[in-house]
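So you can see what is in the structure, the chains are spelled out below.
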Amino acid sequence: MIWRKRRDSGLLQILKVFDTISTPHREDYGVELLRDTRFRIGPFEIRAQVVRSEVDGKLVYRVIEPDATLRDEERREVEKFLDDITLKHGLFLVKSYRDLDRLLNLLNYLDEAQKYYAFKRLHLLELTPVLYDENIEEINILSNTIAVRDRELSEEATMNVTVDVDYLFNRLALYGGKQLSYVTPTIIFSIQDLNGYSHRVSLTYAPYSPAEYSECRIRCFNKVITPVEYIARYRSILIDDLADLILCVLARIPICIYGEQNTGKTTFVNQLAFFIPPEIRINVIGMYKEIHLPRGTKVNYVIADNLDQLTHEFEAALTRTDAILVNEVLNSQQMKLVLSAAEAKQIAIFAVHAASVDDLFNRIIYGFKIPRTRLNTLKVLVEMGLRIENGRKYRFVSKIYFHEGGLKLASNVHDAILREVAERLKIDIEIAKLYYDQVKLFLQNLVDRYNEDPAFREQMSNYRLFERVWPGILAQFYRELGSSKLVCELKSELRIPVYRELQIRYDQLKFCPYCGAPLRQDKHRGVKVCPRCQLEF
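Since the model is a prediction, treat every value here as computed from it, not as a measurement.

Parameters at a glance
- Counting starts from 1 at the beginning of each chain's written sequence and moves along it residue by residue.
- Where totals are concerned, whole chains, interfaces and linings use all residues; where local detail is concerned, this predicted model gives features only for residues with pLDDT of at least 70, and gives and counts side-chain atom pairs only at 80 or more.
- Water and hydrogen atoms were dropped before computing side-chain values, which therefore reflect all heavy atoms in the structure.
- At least two bridges found by DSSP between two strands are what make those strands a pair.
- Runs of H or I in DSSP of at least four residues are treated as helices and runs of E of at least two as strands, each being numbered from the N terminus.
- Angles here are taken between N-to-C directions and fall from 0 to 180 degrees, while the axes themselves are lines fitted to C-alpha atoms, restricted in helices to the stretch in contact.
- Just so you know how the angles are binned, under 35 degrees is roughly parallel, over 145 roughly antiparallel, 65 to 115 roughly perpendicular, and the rest oblique.
- By convention the crossing between two helices is left-handed if the near helix lies anticlockwise of the far one by an angle smaller than a right angle, and right-handed if it lies clockwise.
- Contact definition: two residues touch when any of their heavy atoms are within 4.5 Å.
- Residues are grouped as follows: Ala, Val, Leu, Ile, Met, Phe, Trp, Tyr, Cys and Pro are nonpolar; Asp, Glu, Lys and Arg are charged; every other residue, Gly included, is polar.

### What to know about the pairing of strand 16 (residues 392-405)
So, step 1. Relative to strand 16, strand 15 (residues 380-389) is paired through ten bridges, and the arrangement is antiparallel. Note that in strand 16 the partner of M384 across the bridge is V397.
So, step 2. Two successive antiparallel strands, strand 15 and strand 16, enclose a turn made up of two residues, where N390 displays a positive phi of approximately 55 degrees.
So, step 3. Pairing between strand 16 and strand 17 (residues 408-409): two bridges, direction antiparallel. Within the sheet, the bridge partner assigned to G405 lies in strand 17 and is K408.
So, step 4. Where strand 16 folds back onto strand 17 in an antiparallel hairpin, the turn is made up of two residues, including G406, whose phi is positive at roughly 70 degrees.

Written as structure tokens, this is what we have:
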């Protein structure tokens, strides 16, 4: 009898529930485990799984959270504490890690499960763990249920949770700085998580109506794919094609990336932006911060809603930048700004939603109302595609076209790009081919090192580590490219900073021209070394 009473006690019931929830590695009968990942939100560790039910074949997305062991009485107690915190300290929302540290200090006498529940109540409720899962690319909320789309799996997975649509939608709008009303039932805005990533939200709210009339779609941008990972792991583009496009970036040839929805257009714009020299001044135009560049890059983000006010002064804006990136062209003013930058021989990389080349030309001419004569500025057209194999999605560069003018496409894209590079840089085509070989060799060495060196693979897979390593790798590449005899053929009117180092006397250098760190003198070898980039001058 005593043993039975102890087994039925509340403490052992909690331990039993915690054991069944926190050990999903056991054999689950009737389900097939497709993905099992762990990630952290500040001090909290979350585990997410995607399983397939062998009964009906549907996918289920389940999350193992620290607050799964809380009882209803403990949850109500935490909510009382939150009411006091809101009234006394004015902490309504947790929108940064500073707010999270402040909340945890106020609740330092609670355990981890109660702290996580409090954080989730002041953050984004049931959406909190989903937004920080790097494998999720889209979240759909309809009829009190949450469905997610994985980046690799083609099917949609549902969560076994029931949400309060009114409360959740009002919290989302408040978090994004918006307000729900009868006048504007559909609003589009962006929210930013604690890690600094922006997520695109499209929300339709119908109060005092059935839940079927209210829906929300969130496009997640919580993962930045590095260029080495893009080539070696995902195999989304061939090295030969990427070398051609990098040459176009260095020669300031405009690149237009088009494709249908969910084909990776913005991701590929970000891949090409990684190869822009860090000293280049960049303008990123878009409604959301979907393009991420390493630290130290001179980036200015221009919100799309303010483009109407920029119309009368965009010429002055062009003089303050050397490159322009657009995650997706949405109106004629953005297209005019991009074409003006391309005509001024600036680096212009932008994306347009179109199904084919003909659809792209028709949308620019008739949709954006751009004259046909200005289309001659567009040179390189990149088509993105999406294929599904064995239930998994693969985004890749489908085709590359070269626009010769007059809506005519070149038959040999590689030779046409080399001719355009030679014409832009005013060099011989044989020298342009040598440039192409150098860029191709650089990319091949990166891929080989990624496949052979586990430490380098970890650096190229984690964006936080990638931000520290990539500027030095890129600076070393531009230094080798600039120190070759080929650069002597370039004209001084070219404004890429890497070619300016021909005019620098290394014996007079005191600071690194790439990162600005003070140089150290190596007396044994007679050179100056940058302690941050590890470059020698």
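More follows now that the structure is in view.
### A closer look at the packing of helix 9 (residues 239-250) against helix 16 (residues 429-452)
So, step 1. Contact geometry of helix 9 with helix 16 gives a least axis separation of 9 Å together with a crossing angle of 125 degrees. Considered as vectors, helix 9 and helix 16 are oriented oblique to each other. Taken as a pair, helix 9 and helix 16 cross one another with a handedness that is right-handed. Between helix 9 and helix 16, the contacting residues are I239, D240, L242, A243, D244, I246 and L247 on the first element and A432, Y435, Y436, V439, K440, L443, Q444 and V447 on the second.
So, step 2. A breakdown of the residues in the contact of helix 9 with helix 16 according to their chemical character gives eleven nonpolar, one polar and three charged.

### Some remarks on the pairing of strand 8 (residues 198-204)
So, step 1. As paired strands, strand 7 (residues 186-192) and strand 8 are joined by seven bridges and run antiparallel to one another. Considered in strand 8, the bridge of Q192 is made with S198.
So, step 2. Here strand 7 folds back onto strand 8, and the loop between the two strands holds five residues, one of which, G196, carries a positive phi near 95 degrees.
So, step 3. In terms of strand pairing, strand 8 meets strand 9 (residues 215-219) through five bridges, oriented antiparallel. The partner of L203 across the bridge, within strand 9, is C216.

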